[in-house]
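# Structural description and commentary
Below, each chain spelled out in residue letters.
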Amino acid sequence: QVQPVESGGDLVQAGGSLRLSCAASGSIFSINVMGWYRQAPHKQRELVATMTSSGRTNYGDSVKGRFTISRDNGKNTVYLEMHSLKCEDTAVYYCNVAEFDGTWRQYWGQGTQVTVSS
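Basis of the calculations
Residues numbered from 1 in each chain as written. Predicted model: local features only at pLDDT ≥ 70, side-chain atom pairs only at ≥ 80, totals over all residues. Heavy atoms only, no water. Phe/Tyr/Trp six-rings, centres within 6.5 Å; stacked < 30°, edge-to-face > 60°. Helix = DSSP H or I, 4+ residues; strand = E, 2+ residues; numbered from the N terminus. Buried < 20%, exposed > 50% of the residue type's maximum accessible area, 1.4 Å probe, protein only. Lys NZ or Arg CZ within 6 Å of the ring centre and 35° of its normal. Polar contact = N/O pair within 3.5 Å; in protein donor to acceptor, adjacent residues only side chain to side chain. Contact = heavy atoms within 4.5 Å. Pairing = 2+ DSSP bridges. Axes fitted to C-alpha atoms, helices over the stretch in contact; angles between N-to-C directions.

## Describing the packing of aromatic side chains
- Under the criterion given, the structure shown has 2 aromatic pairs.
- A ring pair is formed by Y37 and W108, whose centres lie 5.2 Å apart and whose planes are at 65 degrees; its orientation type is edge-to-face. Here Y37 is found in strand β4 (residues 32–39), whereas its partner W108 is found in strand β10 (residues 104–108), with 71 residues between them in sequence.
- On the basis of relative accessible area, W108 is assigned to the partly exposed category, the value being 32%.
- Between the aromatic rings of F100 and W104, the centroid separation amounts to 5.2 Å while the plane-to-plane angle is 50 degrees, which identifies the pairing as tilted.
- Taking the relative accessible area as the measure of exposure, F100 reaches 31% and is therefore partly exposed.
- Between the NZ or CZ atom of R45 and the centre of the ring of Y94, over which it lies, the distance is 3.8 Å.
- Positioned above the aromatic ring of W108, the side-chain terminus of R45 is 4.6 Å from the ring centre.

## Observations regarding the side chain of T90
- Examined against the element boundaries, T90 turns out to sit in the loop between β8 (77–82) and β9 (91–100).
- Polar contacts involving the side chain of T90 include one to the main-chain carbonyl oxygen of C87, which spans 2.9 Å.
- In this structure, T90 is in contact with A40, Q113, V114, T115 and V116, ignoring residues within four places of it in sequence.

## Quick notes on the sheet that holds strand β7 (residues 67–72)
- Taken in spatial order, the 4 strands of this open sheet run β1-β3-β8-β7, and their pairing is antiparallel. Both outer strands of the open sheet, β1 (3–7) and β7, are each paired with one neighbouring strand and no more. Ignoring which end each strand starts from, the neighbouring axes of this sheet average 15 degrees apart.
- Two strands pair when backbone bridges link them, and β7 and β8 are joined in this way by 6 bridges, in the antiparallel orientation. Within β8, the residue paired with S70 across the bridge is Y79.

Okay, here's the thing in structure tokens:
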């Protein structure tokens, strides 16, 4: 069983930066995707960024050019560097791990709160 655990959420001023981390315990199959999603109050959960085990990245349109995803496969850890934060980035950020062993399985973390103040 894979269990992602997020850390790094905080209160930050607009224009500031923050780094989130997600460490996934357990063994992950070699074909996998690790990434971040977020959910603001009264809104649907949306894609922030994902990165495959081969290094391919995908970003949500609203964060392109400001956020960068990276990962350390040896530590089963994924990071999210966030810069030029805006008030609309305020949300609970969830880590997601998806692994493929013939079928796809997904695991979610509990989330970490990011609040951007004006």
